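Structure assessment
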Amino acid sequence: MTQAPPKPASRAGRNLPAAIAVGLGLLGVLLLCLFVREEAFVVLALLATSGALWEFARAVGTRGVMVPLLPLWVGNAGILVSAYTAGPGAMLVAFFLTAGGVLVWRVLDGGGPDAVRDACAGILASAYVSFLAGFAVLLLTEDRGPWLVLTLVLCAVANDTGGYIAGVLVGRHPMAPSISPKKSWEGAGGSLVLAAAVGVGLALLALDAPWWVGLVLGAGAVVTATVGDLSESLLKRDLGLKDMGTLLPGHGGILDRLDSLLMTAPASYLLLTTFVG
C-alpha cells in the first residue's frame, strides 16, 4: 500500500493560534501595568528579565558555562529599581556593582580559567538583559512615560509582526541565511511599513509629536529590533538551540520574545527623550 507523501511544513513555522493568544495576553498585561499603576510595570520587567536571565544561564550551561544566577538576579533588581527611582547614573552604577558581584561570587566559588569564562558570561547576561531593559524603565519616569514605553513596545512588535507576515507571504531572498534562514529582505520591507505606520500613528495620536518623529521611531525600531533578533539567532545557532525556552507557546522562551525589545530600548530612549520628552 502506497503511503501518502508527508505534508509540507507550514511556512509559518510556529503554532500561530497559540502565538496570537499569548501575544494578546501579554499585551493586555502590559497595558494594565502601564496605565493602572506604573510600579507594576517595574515588577513585570523584573519578572520578565529574571526569567530571561534564567533562560540565558540554562542555554550556555549546555556548553559547560556555569553562570552565577543569584548575584545576577540581585543585580537585575538593583539595576531596574535604580533606573526607576534614581535615573540613568544610578542604573549605570548598579550595573557595575552587578558585574563586580558576579566576578567575586564566581571566583569565591573556585578560581582558574573557568571562573573567568563563567564570570564574563554572567556580565554579558547582565549587560544584554538587565542593563538594556533598564532603558525601558527609564522611559517610564519621563513625562507621558506609559505612552513612551508603549511606543517602544508597539514599534518593536510591529517590526516582528510586519516582517513575519511579509516573510511568510512573499519572502524569497534570505537576509542572513547562515544565521536566520527564515528572515528575508521582503520581510524587512514589511517590518518597515508596519513599524513606520505604528510609529506615525502613535506620534500623532498619543505623543503630540510631528509625523516624522514617528517615522524615525519606526525606522529605528526596524534596525535595532532586527539586530536584536539576529544577535539572539546567532547565539542560539552557536549553542545548537532552536529556542531559548518553552515558557511562551508559539513564541519560544521569554528571551525569544524580548530579543528585539532589548536592543530597541536604548535607541527608543534616546529618540523619544530627544524629540518627545
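Residue numbering note: each chain is counted from 1, following its sequence as written. With pLDDT at 70 or above as the cut-off, local features in this predicted model cover only qualifying residues; side-chain atom pairs require 80 or more to be listed or tallied, and sums for whole chains, interfaces and linings still use all residues. Side-chain numbers come from the whole structure's heavy atoms, not from hydrogens or water.

Each helix is a run of DSSP H or I of at least 4 residues and each strand a run of E of at least 2, with the numbering of both proceeding from the N terminus. Expected helix span is computed as 1.5 Å times (number of residues minus one). For helix 7 (residues 185-205), which comprises 21 residues, the first-to-last C-alpha distance of 30 Å matches the rise-based estimate of 30 Å (1.5 Å per residue) to within 8%. Exposure classes here rest on a 1.4 Å probe applied to the protein chains alone. A residue is buried below 20% of its type maximum, exposed above 50%, and partly exposed in between. Looking only at helix 7, the buried set comprises Gly187, Ala188, Gly190, Ser191, Ala195, Ala196, Gly199, Val200, Leu202 and Ala203. In this description, contact between two residues means that some pair of their heavy atoms is separated by no more than 4.5 Å. As for helix 7, its buried residues are in contact with helix 6 (145-170), strand 1 (174-176), strand 2 (180-184) and helix 8 (211-239).

A word on the UniProt feature "transmembrane region" (unreviewed entry) in the protein. UniProt positions are given in the numbering used here, feature names are shortened, and annotations may be inferred rather than shown by experiment. Residues annotated in UniProt with the feature "transmembrane region" (unreviewed entry) correspond here to residues 12-34, 40-57, 120-141, 147-172, 184-205 and 211-230. In this annotation, residues 40-57 is assigned 100% helix and 0% strand; the end-to-end C-alpha distance for the span is 26 Å. Structurally, residues 147-172 is divided into 92% helix and 0% strand, and its ends, taken at the C-alpha atoms, are 36 Å apart.

So, about the environment of Leu46. Among the secondary structure elements, Leu46 is positioned in helix 2 (residues 39-61). Residues Leu46 and Val81, 35 residues apart in the sequence, show an inter-C-alpha distance of 8.8 Å.

Right, let's talk about a nonpolar patch on the surface for a bit. Patch definition: residues with relative accessible area over 30% and no salt bridge; like charges joined within 9 Å; nonpolar side chains (Val, Leu, Ile, Met, Phe, Trp, Tyr) joined within 5 Å. Residue exposure ignores everything except the shown protein chains as possible cover, and the areas themselves are Shrake-Rupley values with a 1.4 Å probe. Any carboxyl oxygen of Asp or Glu that lies within 4 Å of a side-chain nitrogen of Lys or Arg is treated as forming a salt bridge with it. Side chains of Leu16, Ile20, Leu24, Leu27, Leu31, Phe35 and Trp147 sit close together on the surface and give an oily, nonpolar patch of about 600 Å² of accessible area. Ranked by the residues each element gives to the nonpolar patch, the list is headed by helix 1 (residues 16-36), at 6 residues. Position of Leu24 among the secondary structure elements: in helix 1.

Here we take up the packing of aromatic side chains. Only centres within 6.5 Å qualify two rings of Phe, Tyr or Trp (six-membered ring in Trp) as a pair; their planes then separate them into stacked at under 30 degrees, edge-to-face at over 60, and tilted for everything else. Across all of its chains, the model carries 6 aromatic pairs by this definition. Ring pairs connect the aromatic residues Phe95, Phe96, Phe131, Phe135 and Tyr269, which therefore count as one cluster.

Turning next to helix 5 (residues 113-140). Compared with an ideal rise of 1.5 Å per residue, which puts 28 residues at 40 Å, helix 5 spans 40 Å between its outermost C-alpha atoms and is within 8% of the ideal. Its maximal kink placed at Ala127, helix 5 deviates by approximately 30°. Within helix 5, 20 of the 28 residues are buried, leaving the element largely enclosed by the surrounding structure. For a residue, the bend is simply the angle between two axes, fitted respectively to the seven-residue segment ending there and the seven-residue segment starting there.

Pairs of cysteine sulfur atoms within 2.5 Å are what we label disulfides. All chains considered together, the criterion is met by 0 disulfides. You can see Cys155 has no disulfide; the closest cysteine sulfur is in Cys33, sitting 20 Å from it. Relative accessible area serves as the criterion here: at 3%, Cys155 is assigned to the buried category.

Glancing now at the side chain of Glu55. Assignment of secondary structure puts Glu55 in helix 2. Counted as positive: Lys and Arg. Counted as negative: Asp and Glu, with His and the chain ends omitted from the count. Here Glu55 is buried and forms no salt bridge, its nearest opposite-charge partner Arg58 lying at an N-O distance of 5.9 Å. Apart from residues lying up to four places away in sequence, Glu55 is in contact with Met244, Gly245, Leu247, Gly253, Ile254 and Leu255.

Attention shifts here to the packing of helix 5 against helix 6. How two helices pack is summed up by the angle between their axes together with the distance between the axes. Where helix 5 meets helix 6, the closest approach of the two axes is 7 Å, and the angle between their N-to-C directions is 145°. Mapping the contact onto sequence places Ala136, Leu139 and Leu140 in helix 5 and Gly145, Pro146, Leu148, Val149 and Leu152 in helix 6. Amino acid classes used here: Ala, Val, Leu, Ile, Met, Phe, Trp, Tyr, Cys and Pro are nonpolar; Asp, Glu, Lys and Arg are charged; the rest, including Gly, are polar. Across the contact of helix 5 with helix 6, the residue classes break down as 7 nonpolar, 1 polar and no charged. A fitted line through C-alpha atoms represents every axis, and for helices the fit uses only the stretch in contact; the resulting angles, taken between N-to-C directions, go from 0 to 180 degrees.

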